[in-house]
Amino acid sequence: MNEFLTSNETKYRLARTIVQGVIGVLIANVDILVGMVQFPPELRPVIVALVMAVLSPIMSEIGGKA
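Calculation criteria
- Residues numbered from 1 in each chain as written.
- Predicted model: local features only at pLDDT ≥ 70, side-chain atom pairs only at ≥ 80, totals over all residues.
- Heavy atoms only, no water.
- Helix = DSSP H or I, 4+ residues; strand = E, 2+ residues; numbered from the N terminus.
- Rg over C-alpha atoms; globule rule 2.2 N^0.38 Å.
- Buried < 20%, exposed > 50% of the residue type's maximum accessible area, 1.4 Å probe, protein only.
- Contact = heavy atoms within 4.5 Å.
- Areas by Shrake-Rupley, 256 points an atom, 1.4 Å probe, with all protein chains shown as cover.
- Lys, Arg positive; Asp, Glu negative; His and termini not counted.
- Charge placed at Lys NZ, Arg CZ, Asp CG, Glu CD.
- Expected span 1.5 Å × (residues − 1).
- Arc of directions from axis to C-beta.

### A few points about the overall build of the protein chain
Logical step 1: When helices and strands are counted, the protein chain shows four helices and zero strands.
Logical step 2: In the protein chain, the succession of helices and strands from N to C terminus is α-α-α-α.
Logical step 3: In terms of C-alpha radius of gyration, the protein chain reaches 14 Å, well past the compact-globule figure of 11 Å for 66 residues.
Logical step 4: A buried classification covers 23% of the 66 residues belonging to the protein chain.
Logical step 5: A separation of at least 24 residues holds for 41% of the contacts in the protein chain among residues at least 6 apart in sequence.
Logical step 6: Total accessible area computed for the protein chain in this model is approximately 4,700 Å², and 70% of it derives from carbon and sulfur atoms.
Logical step 7: Counting 5 positive and 5 negative side-chain charges, the protein chain places the centres of these two groups 6 Å from one another.

### Remarks on helix H2 (residues 10–28)
Logical step 1: In this model, H2 (19 residues) spans 27 Å end to end at C-alpha, consistent with the 27 Å of a helix rising 1.5 Å per residue.
Logical step 2: Along H2, the residues classified as buried are Tyr12, Arg16, Gln20, Gly24 and Ala28. Each buried residue of H2 lies within a common arc of 145 degrees when the element is viewed along its axis, so the set occupies one face. Across from the buried face of H2, at angles greater than 90 degrees, the exposed residues are Thr10 and Lys11.

Following this line, the structure appears as structure tokens:
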């Protein structure tokens, strides 16, 4: 896990980007997955962008301390 978070190799950067994207899409579609909340379609891209904005610095901080 340490190598995944800290390595600057292309394959690890790509993998981190893919994981962030998958997490963003899952969060944006949590209403469909859970069925309790209904997000309007125009709000979904905003949710994905917000998740990415939060995940990127968190992963950077974890990678810097690992």
